[in-house]
Amino acid sequence: MKKLFILLMVLGTLFATLSIDSYSVSPSIMSPGQSGYVSVTLKNVLATGTTGTQTIDGITLYITTPKGLESDRDTVVIGTLEGGTSTTSTFQIRALSTATGGIYTISVTANDKSSSPKTTTIPITISNPPIFTLTTNKEVLTTSDQVSLNITNEGGYVDRLTIKFNTTDFGLVGADQAYVGKVEKNATVNLNIDSRNAKDGVNKIPLLLTYYDESGNLVSEIKYITIAVKKEKLELTFLQTQPLVTSKEGDLLLTIKNTGNDIVDLRLVLSDDSVRTTGNDEIKLGDVKKDGQINMILPVIANLEPGLKQIKFIAKWVEGNVDKEQEVLVPVKILSDSVLGIFIDAKPTPIRSGSEHTLSVLLSNEGSYGVSNVKVKVSSEFFDSLNAEDAQFVGSLDSDDFSTVQYKIRVNAIAEGSYPINIIVSYKDKSGELVTKEIVKDMQVREAEKKDSGLLPIIILVLIAGAAYWYFKMRKPAIQNLN
């Protein structure tokens, strides 16, 4: 019986097995230069049906680290592990500052005196993202500029780096992205930036950087550069030398003076829906020196209300071999097409020399817009006005409206004929322009009506009396003869 017990004890020892049960890494992701811990749990596993407290003696852990990692020890002495129990051993690891991003493998081997070594591999993840700093060689952008973008990388290298603008306010001239390639520490890329859609002032510009990191992962991130935008502005002054009339064909006459820098190949393109040109929309003006000026003639039809208006043009020019453009507003004076029709009537008619009459002056607004503050003055050296004042106030006249004023006159003693009447009309048109017009009308004058002398009735009575006398005188003998 005693021999059987000793045999079971020996068999129990033979069936005690050492295993690496589990492991953990903290932190789960490390950066270059960072330290962490690896914990390994060992277990004394008994065979099924085995009883007792079989121990495993002389247990030692052997740690092997790859290049880029180091451990604070190569071996860890565990000693004895009772049957069915487990133990956890922890050792420190550190990612070297020269380590690149990726997955590293630590080899851990557990060995004891009675069984074969047990080995496991523990993955260690090292992340080494790039740390970008972006700077530009220019602090101010104009309409279109070439900018050197300097890229400094304090982190892990990247490969196949591309840069795009993550906004519609800025863009690259002639391309949708800029390719940089591999960046370890520093790189420079030239960007032809179009900032025509950006607002003037300081802008925070988002750049989309896309690259493969050290671990081979495709990464996209947004980086910002802050830069001021000061658009190139033409310093032009426009002087209109002749007003236009609304809705009528006319020449837009401008004197353009350059108060800024020299301009090369200046062109103006009409870009206003309210104005049509009878020729080409683009006017080529050529080079204009600083403080120089140039004249422009453009046949147009301006469908604009009367007043001081602004006509939109697109100015194009060349600066530094770069085509540039800018919207300019040209102040233009538009006059109303107001036309007042004037008609004269008199009572009684005809007008006779030396007589008194009432002149009626009818004003009719035949233009497209109303007029205001209308005044009328009638005069002639051939008659005297019997009104208190020669001028009369009419007021406002809308389009197609009319009004009548009257004058009491006495015609001078003049011969029969045609005589001029001066009519002066003043008013403000829709543009606010004070308009004064003088119109001359012809007045037809007849000779004075002859007065009756009083002899004619007497002559008529004498003739009647004579006729009656003759009638009765001649009639009486005739009657007697009949008897």
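Within every chain, residues take consecutive numbers counted from 1 along the sequence as written. For a predicted model such as this one, the threshold for reporting local features is a pLDDT of at least 70, and the threshold for listing and counting side-chain atom pairs is 80 or more; totals across whole chains, interfaces and linings nevertheless cover every residue. Side-chain numbers come from the whole structure's heavy atoms, not from hydrogens or water.

Explanation requested: the overall build of the protein in the structure shown.
Helix and strand labels come from DSSP, where a helix needs a run of H or I of at least four residues and a strand needs a run of E of at least two; each type is numbered from the N terminus. Of regular secondary structure, the protein possesses two helices and 36 strands. Each residue is placed in one exposure class: buried if its accessible area under a 1.4 Å probe, protein chains only, is under 20% of its type's maximum, exposed if it is over 50%, and partly exposed if it falls in between. Burial status across the protein gives 36% buried among its 483 residues. Considering only residue pairs separated by 6 or more positions, the protein has 63% of its internal contacts joining residues 24 or more positions apart. Where accessible areas are quoted, they stem from the Shrake-Rupley method and a 1.4 Å probe; at the residue level, only the protein chains shown are allowed to cover. In the structure as shown, the protein presents an accessible area of about 27900 Å², 50% of it carried by carbon and sulfur atoms. Only heavy atoms enter the contact rule, under which two residues are in contact if any of them lie within 4.5 Å.

Before we go on, may I ask you to explain the sheet that holds strand β6 (residues 75–81) in this structure?
Sheet strands pair by backbone hydrogen bonding; their relative direction is either parallel or antiparallel. Two strands make a pair as long as DSSP finds a minimum of two bridges between them. Spatial ordering of the open sheet is given by β2-β9-β8-β4-β6, a layout of five strands whose pairing is mixed. The sheet terminates laterally at β2 (29–30) and β6, the two strands that pair on one side only. By the bridge criterion, five bridges tie strand β4 (residues 56–64) to strand β8 (residues 102–111) in an arrangement that is antiparallel. Paired with Leu61 across the two strands is Ala110, which belongs to β8.

How do you make sense of the sheet that holds strand β33 (residues 391–397) when you look at a structure like this?
The five strands are arranged β29-β36-β35-β31-β33 in an open sheet whose pairing can be described as mixed. What marks the edges here is a single partner per strand, and that holds for β29 (351–352) and β33. Of the strand pairs in this sheet, strand β31 (residues 371–379) and strand β35 (residues 417–428) are connected by six bridges, and their pairing is antiparallel. Residue Lys377 lies in a different strand from β35, and its bridge partner there is Ile424.

In this structure, what is going on with the pairing of strand β12 (residues 144–153)? I would like to understand it.
Successive side chains on a regular strand alternate, one facing one side of the sheet and the next facing the other. In terms of residue burial, β12 counts as a mostly covered element, since seven of its 10 residues are buried. Pairing geometry for strand β10 (residues 132–136) and β12, over five bridges, is antiparallel. Looking at the pairing, Thr133 lines up with Thr152 of β12. In terms of strand pairing, β12 meets strand β16 (residues 186–194) through nine bridges, oriented antiparallel. If you follow Ser144 over to β16, its bridge partner there is Asp194.

Looking at this model, I keep getting lost on the pairing of strand β21 (residues 249–258). Mind explaining?
Inspection of the sheet shows strand β19 (residues 236–242) paired to β21 by six bridges, in the antiparallel sense. Within β21, the position partnered with Thr237 by the bridge is Lys257. Where β21 lies against strand β25 (residues 293–302), nine bridges are found, and the strand directions are antiparallel. Directly across from Thr255, in β25, lies its bridge partner Asn295.

Even after reading the chapter, I still don't get the environment of Gly181, so can you show me in this structure?
By secondary structure assignment, the location of Gly181 is in strand β15 (residues 178–183). The exposure class assigned to Gly181 is buried, which follows from its relative accessible area of 4%. In sequence terms Gly181 and Leu161 are 20 residues apart; their C-alpha atoms lie 4.8 Å from each other. Every residue in contact with Gly181, bar those within four places of it in the chain, is listed here: Val158, Asp159, Arg160 and Leu161.

Whenever I open this one, the confidence of the model for the protein confuses me. Can you help?
Low-pLDDT stretches of the model should not have their predicted coordinates read in fine detail. You can read pLDDT as the predictor saying how much it trusts each residue, on a scale of 0 to 100. In this model, the protein carries a mean pLDDT of 86, and residues with pLDDT of at least 70 account for 88%. When the criterion is pLDDT under 50, residues 1–14 qualifies, and its contacts beyond four places in sequence or with other chains add up to three contacts.

What should I look at first to understand unusual backbone geometry in this one?
Here Ser26 and Pro27 are connected by a cis peptide whose omega angle stands at -5 degrees. With respect to the secondary-structure elements, Pro27 resides in the loop between β1 (16–26) and β2. For the peptide bond that leads from Lys347 to Pro348, omega is -15 degrees, which places it in the cis range. The phi dihedral of Ser247 is positive, around 65 degrees, even though this residue is not glycine. Among the structural elements, Ser247 can be located in the loop between β20 (244–245) and β21. Although it is not a glycine, Asn373 sits at a positive phi angle of roughly 55 degrees. Relative to the elements of secondary structure, Asn373 occurs in strand β31.

When you look at the packing of aromatic side chains in this model, what are you seeing that I'm missing?
The description of an aromatic ring pair rests on the distance of the ring centres and on the angle between the ring planes. Note on aromatic pairs: the rings of Phe, Tyr and Trp (six-membered ring only in Trp) are paired at centre separations within 6.5 Å, and the planes decide the class, stacked below 30 degrees, edge-to-face beyond 60, tilted for the rest. For the coordinates displayed, the defined rule picks out three aromatic pairs. Both rings, one in Phe132 and one in Tyr211, keep their centres 5.7 Å apart while their planes meet at 80 degrees; by these two values the pair is edge-to-face. Of this pair, Phe132 sits in strand β10 while Tyr211 sits in strand β17 (residues 201–212), and the two are 79 residues apart along the sequence. Note on Tyr211: relative accessible area 3%, which makes it buried. Measuring from centroid to centroid gives 4.7 Å for Phe382 and Tyr419, while their planes differ by 50 degrees, and the two rings are tilted. Separated by 37 residues along the polypeptide, Phe382 in the loop between β31 and β32 (383–385) and Tyr419 in strand β35 bring together distant segments of the chain. Grouping residues by exposure puts Phe382 and Tyr419 together as buried. Two limits define a charge over a ring: the Lys NZ or Arg CZ must be within 6 Å of the ring centre, and within 35 degrees of the ring normal. The ring of Tyr212 has Arg160 sitting right over it, with the charged end atom 3.9 Å from the ring centre. Across the ring face of Tyr157, the terminal group of Lys182 is positioned such that the distance to the ring centre comes to 4.8 Å.

Please explain the side chain of Asp272 as it appears in this structure.
The residue Asp272 is located in the loop between β22 (263–270) and β23 (275–277) in this model. A residue counts as positive if it is Lys or Arg and as negative if it is Asp or Glu; His and the chain ends are not included. Between Lys or Arg on one side and Asp or Glu on the other, a salt bridge is scored when a side-chain nitrogen of the former is within 4 Å of a carboxyl oxygen of the latter. With no salt bridge to any partner, buried Asp272 finds its closest opposite charge in Lys312, at an N-O distance of 6.5 Å.

What am I meant to see in the pattern of salt bridges here?
Opposite charge on two side chains allows them to pair when their charged atoms are near. Under the counting rule described, the total for this entry stands at eight salt bridges. Salt-bridge contacts for Lys138 lead to Asp145; the nearest nitrogen and oxygen are separated by 3.8 Å. Since its relative accessible area comes to 13%, Asp145 is described here as buried. Glu433 is the salt-bridge partner of Lys333, the closest N and O atoms lying 2.6 Å from each other. Linking Lys333 in strand β27 (residues 322–335) with Glu433 in the loop between β35 and β36 (434–446), this pair joins segments that are 100 residues apart in sequence. Take Lys333: its relative accessible area is 33%, and that puts it in the partly exposed class.

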